[in-house]
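Structure assessment
Letter by letter, the chains look like this.
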Amino acid sequence: MRRAPDRCESHESLVPRGRQRVHVDLDGDDREFWSAFEADGRWCTPLYYADHLRQLPYRLAATLEAIASAPAGGLLFHCGGGWDRTGLVAAVLSKAVGVTSDAAVADYMASFTNHPRAAALHGVDPREAEARTRVLADFGLTPEAAFHGFYTQLDLGVWFERSNLDQDVLEAVRTWRGQIS
């Protein structure tokens, strides 16, 4: 997943032999949608997730279709920081299989803990986690509270109805590709 096609560097050498890399543009370039979130810093926090699901449902649907149709075996989905696009997708997948809010929040917060290593790998500012935390503080929230608020309010039944996903994709998401009954 990536913010935009032109902002995704190639790491083809990191893809194991026999595996494929699939790029899914979760965000798109809808300036009308993104301008407000970019202006006040919410674009890289859970504060945009609910609006994204409401206004751009086809974006996440494409991501879930790619996950559901991936070949058998290991699957990795990611973004640069782990709390932006990855956080949104992980929240939806976790909620779909009944992960508790405490466990989902802990998973989300691991992205902040792991950020220095991820920043070094991707060559990005290692202070980005601190910047996201400051933005959320401006809205009276911590990263934990922001993610928890989204996760507990997430109604996948409603979103699944609006998403136009095929039944086989929904089944793959609800059972983590048949691994959870």
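Residues numbered from 1 in each chain as written. Predicted model: local features only at pLDDT ≥ 70, side-chain atom pairs only at ≥ 80, totals over all residues. Heavy atoms only, no water.

**Quick look at helix α9 (residues 167–174)**
The line we're drawing: Relative accessibility under 20% of the residue-type maximum defines a buried residue, over 50% an exposed one, and the middle range a partly exposed one, all with a 1.4 Å probe and only protein chains included. Helix and strand labels come from DSSP, where a helix needs a run of H or I of at least four residues and a strand needs a run of E of at least two; each type is numbered from the N terminus. The directions from the helix axis to the C-beta atoms are what the arc is built from. Every residue pair with non-hydrogen atoms within 4.5 Å of one another is taken to be in contact.
Buried within α9 we find V169, L170, A172 and V173. In an axial view of α9, the angular spread of the buried residues amounts to 160°, which keeps them on one side of the axis. Opposite the buried face of α9, at more than 90 degrees from it, the exposed residues are Q167 and D168. Buried residues along α9 sit against α3 (57–68), α4 (85–96) and α8 (156–163). Phi turns positive one or two residues past the end of α9, at W176, with a value near 45°.

**A few points about helix α1 (residues 31–40)**
The line we're drawing: Polar contact is defined as a pair of N or O atoms within 3.5 Å, subject to the rule that within protein one atom must be able to donate a hydrogen and the other to accept it, and that residues adjacent in sequence are counted only when both atoms are side-chain atoms.
Within the sequence span of α1, burial applies to F33, W34 and F37. Looking straight down α1, one finds its buried side chains confined to an arc of 75°; they lie on one side. For α1, the exposed residues set more than 90 degrees away from the buried face come down to E32 and A39. Tucked into the core, α1 has its buried residues touching α2 (49–55). Between a side-chain oxygen at the N-terminus of α1 and the backbone nitrogen of E32 the separation is 3.1 Å; the capping residue is D30. G41 sits one or two residues past α1 and shows a positive phi near 90°.

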